[in-house]
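# Report on the structure
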Amino acid sequence: SQTIHQWPATLVQPVGSPLSLECTVEGTSNPNLYWYRQAAGRGLQLLFYSVGIGQISSEVPQNLSASRPQDRQFILSSKKLLLSDSGFYLCAWSRLYGGSKTEAFFGQGTRLTVV
Amino acid sequence: AQTVTQSQPEMSVQEAETVTLSCTYDTSESDYYLFWYKQPPSRQMILVIRQEAYKQQNATENRFSVNFQKAAKSFSLKISDSQLGDAAMYFCAYSAGAGSYQLTFGKGTKLSVIP
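Thresholds applied
- Residues numbered from 1 in each chain as written.
- Chains lettered and ligands numbered in written order.
- Predicted model: local features only at pLDDT ≥ 70, side-chain atom pairs only at ≥ 80, totals over all residues.
- Heavy atoms only, no water.
- Helix = DSSP H or I, 4+ residues; strand = E, 2+ residues; numbered from the N terminus.
- Rg over C-alpha atoms; globule rule 2.2 N^0.38 Å.
- Buried < 20%, exposed > 50% of the residue type's maximum accessible area, 1.4 Å probe, protein only.
- Contact = heavy atoms within 4.5 Å.
- Areas by Shrake-Rupley, 256 points an atom, 1.4 Å probe, with all protein chains shown as cover.
- Core = buried A, V, L, I, M, F, W, Y, C linked by side-chain atoms within 4.5 Å.
- Polar contact = N/O pair within 3.5 Å; in protein donor to acceptor, adjacent residues only side chain to side chain.

## Observations regarding the overall build of chain A
Across its full length, chain A carries zero helices and 13 strands. The secondary structure elements of chain A, listed N-terminal to C-terminal, are β-β-β-β-β-β-β-β-β-β-β-β-β. Relative to the compact-globule value of 13 Å for 115 residues, chain A shows a C-alpha radius of gyration of 14 Å, a close match. Across its three principal axes, chain A shows a C-alpha extent of roughly 45 × 30 × 25 Å. By the burial criterion, 48% of the 115 residues in chain A qualify as buried. Across chain A, contacts joining residues at least 24 apart in sequence account for 54% of those joining residues at least 6 apart. Per element, the accessible surface of chain A, about 5,400 Å² overall, is 52% carbon and sulfur.

Dropping the structure here:
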């Protein structure tokens, strides 16, 4: 069965520090991978998605970047965090299966607080 | 651009009773997918139910069922025999056909279950 791992679960970082959140998927190959951010009391905002190694699409201009160094690994980064980067970050995966799209499966999320 | 609207920020239901959560969406696509996700206090997103737009039959998963009205672009979730564990944020989500990689979420409905 497929599983998705996301870490760390919580993170407190000072303004101006770098960020690296990691997500890995097991049990499937060539998944579509996603990073979402959920601000307090709001829905999910798609930040990045990737359909293959080295292929990253950005949905929202921001202080963040994403990379996919391996098929089942997706990394969210920042060189210098801003206070506005605080939020709940969710990694997800999906794929086409038999011509039909599967739903997105989410990791457990990372609560990032920038202080 | 596709949009998803959940007009009920909060709802409550008595334990063992039935509740319906509303969702409308806007799209010009004919092939798409709709989902309801549950986000309990742990904040992990859990798929509740999915509906393919080409299917006329409403999806059902145990106590959860949907009323999919394609012409009206409406996709409501009915929870029968509500349980305390159903208390959570519920998000309606839309994804265009197989060639699209994005999930568009509504802002969510917070469901409380009263014992």
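## Here we look at the nonpolar core
Nonpolar side chains in soluble globular proteins generally cluster together in the buried interior. Judged by nonpolar contacts, the single largest core of 26 residues is most densely connected at B:Tyr25, B:Trp36, B:Phe75, B:Leu77 and B:Tyr90. Every element with two or more residues in this core is listed here: strand E3 (19-21), strand E5 (32-39), strand E6 (46-52), strand E8 (64-69), strand E9 (74-79), strand E10 (88-96) and strand E12 (109-114) of chain B. Core analysis: the next-biggest nonpolar cluster, separate from the first, contains 20 residues, A:Ile4, A:Leu19, A:Leu64 and A:Tyr89 among them.

## Looking at the side chain of A:Gln13
All names here are of chain A. Relative to the helices and strands, glutamine 13 resides in strand E2 (residues 10-13). Of the polar contacts made by the side chain of glutamine 13, one reaches the side chain of serine 17; its length is 3.4 Å. Setting aside chain neighbours within four positions, we find glutamine 13 in contact with Pro18, Leu81, Leu112, Thr113, Val114 and Val115.

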